[in-house]
Amino acid sequence: MEIKEIQEEIIDEFSMFDDWMQRYEYMIDLGKSLPLINKEFKTDDNIIKGCQSKVWVHAELEDNKLIFTADSDAIITKGIIAILIRVFSNQKPQDILDADTNFIDEIGLKEHLSPTRANGLVSMIKQLKLYAVAYQTQIED
C-alpha cells in the first residue's frame, strides 16, 4: 500500500470514534501491535532525542524499502510511534522523504497531546525521515 493510502485508512479509523478517550484507547491498542525492536538495538544510539518518554527506533533496508521496528516505555507514545511506523515502514526511502504528515493534523493528534508529547511526535517524524535520508544514499538507481 502507498503512504497516502495508509494515511487515509488511519484518518478513516480515527473518524469512527466519538471522543478522544476512545481514540487514546485505540492508540494504546495500536501500540500493542507495534513491530518491536530487538533488544540488541535498544541502545542509546537508537533513542529518539526530544521525547519525554524513551522511544527506540531501528531501521533496516530490505529490497530497497525501509523496515522500522520500535518500542517505548510509555503506552501513549508507543501508540504514536506505531501509527508512524504503520505509515512509513515497508516504503522506499524517497517516498518517505516526499510524504507529508498532514494526516496527523486531520486526525487531530497534535492538538490533543501535551506540548512535550507533541514535541516528541515531531522528533519521531524527524528521526524516521533522517533514516530515509541515510538509506536513500545506499540505494543504487
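Our structure is the block above this text.
Described below are features of the structure shown in this document. (Residues numbered from 1 in each chain as written. Predicted model: local features only at pLDDT ≥ 70, side-chain atom pairs only at ≥ 80, totals over all residues. Heavy atoms only, no water.)

1. Things to note about the side chain of D71
Stage number 1. Checked against the element boundaries, D71 lands in strand β2 (residues 65-72).
Stage number 2. At 2.9 Å, the side chain of D71 and the side chain of K42 are in polar contact.
Stage number 3. Every residue in contact with D71, bar those within four places of it in the chain, is listed here: L34, L36, I37, K42, K54, V55, W56 and K78. (Helix = DSSP H or I, 4+ residues; strand = E, 2+ residues; numbered from the N terminus. Polar contact = N/O pair within 3.5 Å; in protein donor to acceptor, adjacent residues only side chain to side chain. Contact = heavy atoms within 4.5 Å.)

2. Quick notes on the packing of aromatic side chains
Stage number 1. Per the stated rule, a full pass over the model turns up five aromatic pairs.
Stage number 2. Aromatic pair F14 and W20: ring centres 6.3 Å apart, planes at 45°, arrangement tilted. Of the two residues, F14 and W20, both sit in the buried class.
Stage number 3. On the numbers, 5.6 Å between centres and 75° between planes, the contact of F14 with Y26 is edge-to-face. On the criterion of sequence distance, the pair formed by F14 in helix α1 (residues 3-15) and Y26 in helix α2 (residues 20-32) is long-range, its members being twelve residues apart. Each member of the pair, F14 as well as Y26, is classed as buried.
Stage number 4. Here the aromatic residues F14, F17, W20, Y24 and Y26 are joined through ring pairs into a cluster of three or more.
Stage number 5. For the cation-ring pair, K42 lies above W56, with the distance from its terminal atom to the ring centre recorded as 4.7 Å. (Phe/Tyr/Trp six-rings, centres within 6.5 Å; stacked < 30°, edge-to-face > 60°. Buried < 20%, exposed > 50% of the residue type's maximum accessible area, 1.4 Å probe, protein only. Lys NZ or Arg CZ within 6 Å of the ring centre and 35° of its normal.)

3. Observations concerning unusual backbone geometry
Stage number 1. Notably, D63 is not glycine yet its phi reads approximately 50°, a positive angle.
Stage number 2. Within the secondary structure, D63 is located in the loop between β1 (55-62) and β2.
Stage number 3. Owing to a relative accessible area of 77%, D63 belongs among the exposed residues under this scheme.
Stage number 4. Unlike most non-glycine residues, N90 shows phi in positive territory, near 65°.
Stage number 5. Within the element layout of this structure, N90 appears in the loop between α3 (75-88) and α4 (93-98).
Stage number 6. When its relative accessible area of 47% is taken as the criterion, N90 is described as partly exposed.

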